[in-house]
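# Examining the three-dimensional arrangement
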Amino acid sequence: MVAILVMPRVFALDVSIPEHVFGRHPGYRVLVRGNVSGEVSGGASLADVESADIVVVPGYEDPHVPVPDAYLKALRIAVERGARVVAICTGVFALAACGILDGKSATTHWRHTEELRLAYPRVNVVENRVFTEDGAVLTCAGGGAGIDACLHVVDRDFGTAASDGVAKDLVFSSTRGANEPQYRDAPAPPRDSLRATREWVLDNLGAAITVQRLADHSLLSRRTLVRRFVRETGLPPMQWVTLQRILDARRLLETSALSVERIAGAAGFGSAANFRTIFRREVGVTPTAYRKLHEKPVKPPE
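I will try to describe carefully the structure that is included in this document. (Residues numbered from 1 in each chain as written. Predicted model: local features only at pLDDT ≥ 70, side-chain atom pairs only at ≥ 80, totals over all residues. Heavy atoms only, no water.)

## Section: the nonpolar core
Inclusion rule: To qualify as a nonpolar core, a set must consist of buried Ala, Val, Leu, Ile, Met, Phe, Trp, Tyr and Cys residues joined through side-chain atoms within 4.5 Å. Exposure categories follow from relative accessible area, calculated using a 1.4 Å probe and restricted to protein chains: below 20% of the type maximum is buried, above 50% is exposed, and the middle band is partly exposed. Elements are defined by DSSP. Helices are runs of H or I of four residues or more, strands are runs of E of two residues or more, and each kind is numbered from the N terminus. We call two residues in contact whenever any of their non-hydrogen atoms come within 4.5 Å of each other.
Ranked by size, the top nonpolar core spans 31 residues in total, and within it Leu5, Met7, Val55, Val57, Leu75, Leu95 and Leu101 carry the most contacts. Taken together, the elements giving at least two residues each to this core come down to strand E1 (2–6), helix H2 (44–50), strand E3 (54–57), helix H3 (69–81), strand E4 (84–88) and helix H4 (92–97). Beyond its immediate chain neighbours, meaning those up to four positions away, leucine 101 contacts Val92, Leu95, Ala96, Ala106, Arg122, Val123 and Val137. Membership of the second largest hydrophobic core comes to 28 residues, among which are Val56, Ile88, Val130 and Cys140.

## Quick word on the environment of isoleucine 147
With respect to the secondary-structure elements, isoleucine 147 resides in helix H6 (residues 144–158). As for isoleucine 147 and aspartate 14, which are separated by 133 residues in sequence, their C-alpha atoms are 9.3 Å apart. Here isoleucine 147 is in contact with Ile17, Val21, Leu170 and Phe172, once residues within four sequence places are set aside.

## A closer look at the pattern of salt bridges
The condition that has to hold: The term salt bridge refers to a side-chain nitrogen of Lys or Arg lying within 4 Å of a carboxyl oxygen of Asp or Glu.
Using the criterion set out here, one finds 12 salt bridges in the structure. Here glutamate 133 makes a salt bridge to arginine 156, at a shortest N to O gap of 3.2 Å. One end of the pair, glutamate 133, is in strand E7 (residues 131–134); the other, arginine 156, is in helix H6, and 23 residues separate them in sequence. Here glutamate 133 falls in the partly exposed class, since its relative accessible area comes to 35%. Given the relative accessible area of 52%, arginine 156 is considered exposed. The partner of glutamate 282 in a salt bridge is arginine 281, and the shortest N-O contact between them spans 3.0 Å. Because the salt bridges share partners, they merge into one network encompassing Glu114, Arg117 and Glu127.

Printed below as a string of structure tokens:
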């Protein structure tokens, strides 16, 4: 169960985001609780928050103003029970207020990072990141970053193919990573200056891809290619390529019966041994273990 804990002065957009993302997958039951009608509610409403598997705290105006103690208590109880928590934008202030973030890393909308740092010095505030995950707590910037964060949860729970499906329903790109910046201080290049090169990579993941080949494709020098690539994606070119290969391999492990050796070649990892090493480093489990985790149960014959 996913409980969306609505604070007073809530941003309506930050409520609709988790409603839409989690509501588009049958594996979630979504409840909206708290200040839903403009009045503080408790009792059974907050009891649902305390017993939820995932609690989402949308952003709200004036985060320096204290929120009701009953809400903080419900958050603490949920976390102590083992619930995961997602804070969108200024929702992170509620988590910090009840001590959930002490000693943890967290981010928020860039307008509020300094305010968060000053108000809660025990929180390791990470600036200019789409979202940050520390244990069972995921915090993110506002607006579209909330979609990224919620899709990340879907990916963790049901796999890349499932999050791709939800993202497609939302007409949203599912390839933006946590470490991409919220903003760029330097003047940005034309919005899609490297889009064609990135699309070429996605169409040719099984091919031999190097920085030089990317530079040749984009008609740029290696140095300029690397600089623009980092500016546009937040990652060095080959790190981004490896991430796309991992995503492709995860999709194949989830949705096909191809052998690990075939998937290694199709995703561009070369040998199965190299694939296993990189996959385990990036995902935390072997390809075979990952496939077993995402096997769909076989329905018994009627």
